[in-house]
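Secondary and tertiary structure notes
So the chains spell out like this:
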Amino acid sequence: MKGAAARELVGAIEAGGVLDSLRAAAELRRVPAGEEVGPLLRLAENGDALARVTAAYALARRPGVAVNRALLTLLDADDMNLREAASLAFAERRCWPPAIPALCRETAAGGFAGMLAQLVLDEWFRQAPRLVGRFVRHALASAGGDPAARSRLAEIVQDRDHRASDRPPRVGAASSEGLRIAQVVLQGRIDAGLQEVGAGDGGGLATLVVHLSRALGRRAEVGHAVTITRAFADEHAGASHEFPHEPIDDDASIARVAFGPNRYLATAEMWPYRLAAERALERTLRRLLPLDVVHLRFADVGTFAAARACRRLGIPVCFTLAADPHVVIRGAEQAGTLSRETFAETNRREHLLLRAHLVDSMLEQAEGLVAFPRQEPEADLDELLGVDASVAAARGLRTVSEGVSLRTLDRGRAGRDAGPEPAVWGDLRAAVAALPPERAGLPLVLSVGRFHRVKGFPRLVEAWAGDPDLFGAFNLAIVGGNLEHPTAEEQGVIQALREVELRTPEVGDGLLLLGHRSHDDVAHLLHAARSGVRGAVAAGGVYACASDKEEFGLALLEALAVGLPVVAPRIGGPATYVDHGSTGMLVDTTSVGELRRGLHEAAGLRDDEARAARAEALVRSRFSIDAMAAQLTSLYLDLAGADRLERAA
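Let me sum up the structure you'll find in this document. Quick caveat, the model's predicted, so the values are computed rather than measured.

**Some remarks on the pattern of salt bridges**
Considering all chains together, one arrives at 48 salt bridges under this definition. The salt bridge partner of Arg214 is Asp249, with a shortest N-O separation of 3.7 Å. Here the residue Arg214 occupies a position in helix α12 (residues 203-217), and Asp249 occupies one in strand β3 (residues 245-249), the gap between them amounting to 35 residues. A residue is classified by how much of its surface remains accessible, and Asp249, at 34% relative accessible area, is partly exposed. Between Glu421 and Arg429 there is a salt bridge; the shortest N-O distance is 3.0 Å. Classification of Arg429 as partly exposed rests on a relative accessible area of 25%. If you follow the salt bridges from partner to partner, you end up with Asp122, Glu123, Arg126, Arg274, Glu278, Arg279, Glu282, Arg286, Arg308 and Arg312 in one network.

Printed below as a string of structure tokens:
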């Protein structure tokens, strides 16, 4: 990198916006050391909160004792952000003994920073087991009677058989029976029957991976597709999540890995168990060999752990590239809710640096990259991630639309048109019957999603209930969330809905909280909103998505496929398939006023049968799960190589 370019990046770290600083640090981290090392060292010591964190991150691959000393100083800082940045940097450096005692102390202390310090010690133990082991055992002796601290330290030197097997095995399917594909999704509740996907934080992703496993398994080129998720006990669930193996179809299955406490964990709760998750994933991946590719999605602990295991096992990785947290950071900066001055507090809460690091590291490691459709994909990738058109072409980046199960939607249509009434319609009837009598027979505004703050359900309720015309014309049905046994995140959404009702008491006269439902039930409810339920719901409903952001929006596609007009976020994936003003309305869904306007305008599209037919034809022709599986299979065959392509044929 030329001096002027390096100085410009250092300047962005020192004085640019939050996204500018993170991007500059990532770019500097990737290039050979130059004259910028001195300025980075000075910023790491004397810059503001953002500059110190990002400068430390940029120093990760810079050689020299001076860099080690600067990082050790940050590792001893009071600010958790600085300690986290120092650990992330040390994790990419050769073992340096003077830092080990501080890393042991941080590991023993626990928390997010402790998890990253443990990551460094785990890496360094692989490089120098006797040296690191000696320090860790001394720290264990000093930990006294603190069982949690002792457990975190002991975990580093345990599982020696696992460490001895770090040599990459031979990978790649050895027979002509087709590709062997794994996808790792630890978050949420995943079961073959899709009974629990709307509870917790799985949502549309959990639905997608099960249907995709089945669709991949149906393809002639594929031998087997396995979805790897987490095993746990859940006495309140209708499906079991404890079985280590569950078939989905003849050539598709679920494999479950156990780590952490034997209960449901939200995604954010999994980080303290990162090392246990990584070891469990590596054991399972090794057992599943030969594998041709592992597909990873999202910047979460599952991707972080699985990518490291795949690197050691030599398994090719495909990564679905979503600019998260980058798009969130850009939006927050534009809205004025995030700045250099507020970065420290936001990063303590949201771990922006680690999430950005994970996406950046996957850009480096992944042999196959997939992007969601966007209206301006090249501009978004370049602005947010620094991936310009030439880089995208060189890396073989492919744009792949997500897909929905037309079979499930067709079963829902059959339940609507013939045979006994679906059981979930009985629940819907009962919910409507509990409202004031005059509310019976109104059409629905329907919304489906996990109960997470990004889904915007309180905004949607406020937009509907605060408008007399909308409130008088529709009942609002929300499908999702474990209402009886909520997680902390779900409880936060429930509380936010209660606060809207306190401000607008009439909400209770028309709001139907139906809780999480099986995917088959969701299909039946979509058809109910479209065609009505005699005596309870009139035909001609509207589907609304009030999310802060949607990378793609599977529930929106399903709503279009059954003929509902939709209200959708104008930023992100929905803008690539919602025909604004025809099949639905694209609005700023972070605004109550814009949501309200979108609902009014979407309601005006309800009686247009030609519009409904166009929407259904679009989904069936372009966005089926089988079309998605075909696109991904082509990519997987390329990753497997020409010899595998010939054998699979």
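From this point, things continue past the structure.
**Quick look at the state of the cysteines**
Throughout the structure, instances matching the rule amount to 0 disulfides. For Cys95, which is in no disulfide, the shortest distance to another cysteine sulfur is to Cys104 and amounts to 10 Å.

**Description of unusual backbone geometry**
Note: most residues except glycine have negative phi, and most peptide bonds are trans. Following Leu289, the chain continues to Pro290 via a peptide bond in cis, the omega torsion being 5 degrees. Unusually for a residue other than glycine, Leu194 sits at a positive phi of about 55 degrees. Mapped onto the secondary structure, Leu194 falls in the loop between β1 (179-184) and α12. In this model, His351 sits at a positive phi of 55 degrees, which is unusual for a non-glycine residue. Mapped onto the elements of the fold, His351 is located in the loop between α16 (343-350) and α17 (352-365). A relative accessible area of 17% means that His351 is categorised as buried.

**Here we look at the sheet that holds strand β10 (residues 475-479)**
Within the open sheet, the 6 strands sit side by side as β11-β10-β9-β12-β13-β14. Their pairing is parallel. Taken across any chain shown, the strands that pair with only one partner, and hence form the sheet edges, are β11 (511-515) and β14 (584-587). Ignoring strand direction, the axes of neighbouring strands in this sheet form an average angle of 20 degrees. Relative to strand β12 (residues 542-544), strand β9 (residues 444-448) runs parallel, the two sharing 2 bridges.

**Here we look at the pairing of β14**
Neither face of β14 is exposed, since Gly584 and Leu586 on one face and Met585 and Val587 on the opposite face are all buried. Note: strand β13 (residues 566-569) against β14, 4 bridges, orientation parallel. The residue bridging Val566 from the neighbouring strand is Gly584, located in β14.

Conventions used here
Residues numbered from 1 in each chain as written. Predicted model: local features only at pLDDT ≥ 70, side-chain atom pairs only at ≥ 80, totals over all residues. Heavy atoms only, no water. Salt bridge = Lys/Arg side-chain N within 4 Å of Asp/Glu carboxyl O. Helix = DSSP H or I, 4+ residues; strand = E, 2+ residues; numbered from the N terminus. Buried < 20%, exposed > 50% of the residue type's maximum accessible area, 1.4 Å probe, protein only. Disulfide = S-S within 2.5 Å. Pairing = 2+ DSSP bridges. Axes fitted to C-alpha atoms, helices over the stretch in contact; angles between N-to-C directions.

No statement about biological role is implied by the geometric values presented.
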